[in-house]
Amino acid sequence: MSTVAKVSRSDEERIRFIEHKGKQILLLDFSLATASQMLPLLTQVRTAVAQHGPKSLVILADYQGAEIDHKVAIKIKEVIALDRPFVKKAAWVGTEHIPHALIESVHIFAQRETTTFKTREEALEWLVRE
């Protein structure tokens, strides 16, 4: 029986700005987070994003190995809908394990398209492209 160890990271490590090719990108690192870790992180994302100007943020969300249960899915929809005025561009990675129907429902509910990528590097390249 094999178990995957969940990585313990501080919230500051999970929600932070990174730089790629001279551009600031807000990294939302949900990788390997449990559902119980995801809920407070999503609340913190909402607070952090709301401190910025309209259409000023470029966001990379990494869901690799994250636990997405029903409560987390609802919270993601809520946060994305409320964050819409602040976000210029957003990309997701690590979504292979998230049902396509959930991703589509997030887009419909939030009225915002989020582009998905297989790797962080692909997402970063797309995010910095004008």
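Predicted model only: the values in this text are computed from it and were never measured.

### Some points on helix α2 (residues 35–49)
Now for step 1: Under the 1.5 Å per step criterion, the end-to-end length of α2 is 21 Å for 15 residues, consistent within 8% with the ideal 21 Å.
Now for step 2: Within α2, burial applies to Ala35, Met38, Leu41, Leu42, Val45 and Val49. Along α2, the residues classed as buried sweep out an arc of 110° about the axis, all on the same side.

### Some points on the packing of α2 against helix α3 (residues 70–83)
Now for step 1: Two elements in contact, α2 and α3, have axes separated by 10 Å at closest approach and are oriented at 5°. As the angle between them shows, α2 and α3 are arranged roughly parallel. Contacts between α2 and α3 involve Ala35, Met38, Leu39, Leu42, Thr43, Val45, Arg46 and Val49 on the former and, on the latter, Lys71, Val72, Lys75, Ile76, Val79, Leu82 and Asp83.
Now for step 2: Tallied by class, the residues present in the contact of α2 with α3 amount to 10 nonpolar, 1 polar and 4 charged.

### Focus on the nonpolar core
Now for step 1: If you look at the biggest cluster of nonpolar residues, it comprises 31 residues, and the most contacted ones within it are Leu28, Phe30, Met38, Ile59, Tyr63, Ile76 and Trp92.
Now for step 2: When residues no more than four places from it in sequence are discounted, the contact partners of Tyr63 are Phe30, Met38, Ile68, Ile76, Trp92, Val93, Gly94, Thr95, His97 and Ile98.
Now for step 3: Within the second largest apolar cluster, 12 residues are counted, among which are Ala91, Val93, Leu124 and Leu127.

### Remarks on the confidence of the model for the protein chain
Now for step 1: Confidence in the prediction for the protein chain averages 89 pLDDT; 93% of positions are at 70 or higher.
Now for step 2: Considering only residues more than four positions removed or in separate chains, one finds that residues 1–7, a stretch of pLDDT under 50, has 8 contacts.

### Quick word on the environment of Gln64
Now for step 1: Turning to its location among the elements, Gln64 is positioned in the loop between β3 (57–62) and α3.
Now for step 2: Residue Gln64 is classed as partly exposed on the basis of its relative accessible area of 41%.
Now for step 3: Residues Gln64 and Thr95, 31 residues apart in the sequence, show an inter-C-alpha distance of 6.5 Å.
Now for step 4: For Gln64, the contacting residues outside a window of four places in its chain are Ser31, Leu32, Val93, Gly94, Glu96 and His97.

### Thoughts on the sheet that holds strand β1 (residues 15–20)
Now for step 1: Strand order in the open sheet made by the 5 strands is β1-β2-β3-β4-β5, with mixed pairing throughout. Strand pairing shows two members of the sheet lacking a second neighbour, β1 and β5 (115–117), which therefore form its edges. Direction aside, neighbouring strands of the sheet carry axes that sit 30° apart on average.
Now for step 2: Summarising the sheet, strand β4 (residues 87–93) and β5 pair through 3 bridges and their orientation is parallel.

Criteria and thresholds
- Residues numbered from 1 in each chain as written.
- Predicted model: local features only at pLDDT ≥ 70, side-chain atom pairs only at ≥ 80, totals over all residues.
- Heavy atoms only, no water.
- Helix = DSSP H or I, 4+ residues; strand = E, 2+ residues; numbered from the N terminus.
- Expected span 1.5 Å × (residues − 1).
- Buried < 20%, exposed > 50% of the residue type's maximum accessible area, 1.4 Å probe, protein only.
- Arc of directions from axis to C-beta.
- Axes fitted to C-alpha atoms, helices over the stretch in contact; angles between N-to-C directions.
- Parallel < 35°, antiparallel > 145°, perpendicular 65-115°, else oblique.
- Contact = heavy atoms within 4.5 Å.
- Nonpolar A, V, L, I, M, F, W, Y, C, P; charged D, E, K, R; others polar.
- Core = buried A, V, L, I, M, F, W, Y, C linked by side-chain atoms within 4.5 Å.
- pLDDT = per-residue confidence, 0-100.
- Pairing = 2+ DSSP bridges.

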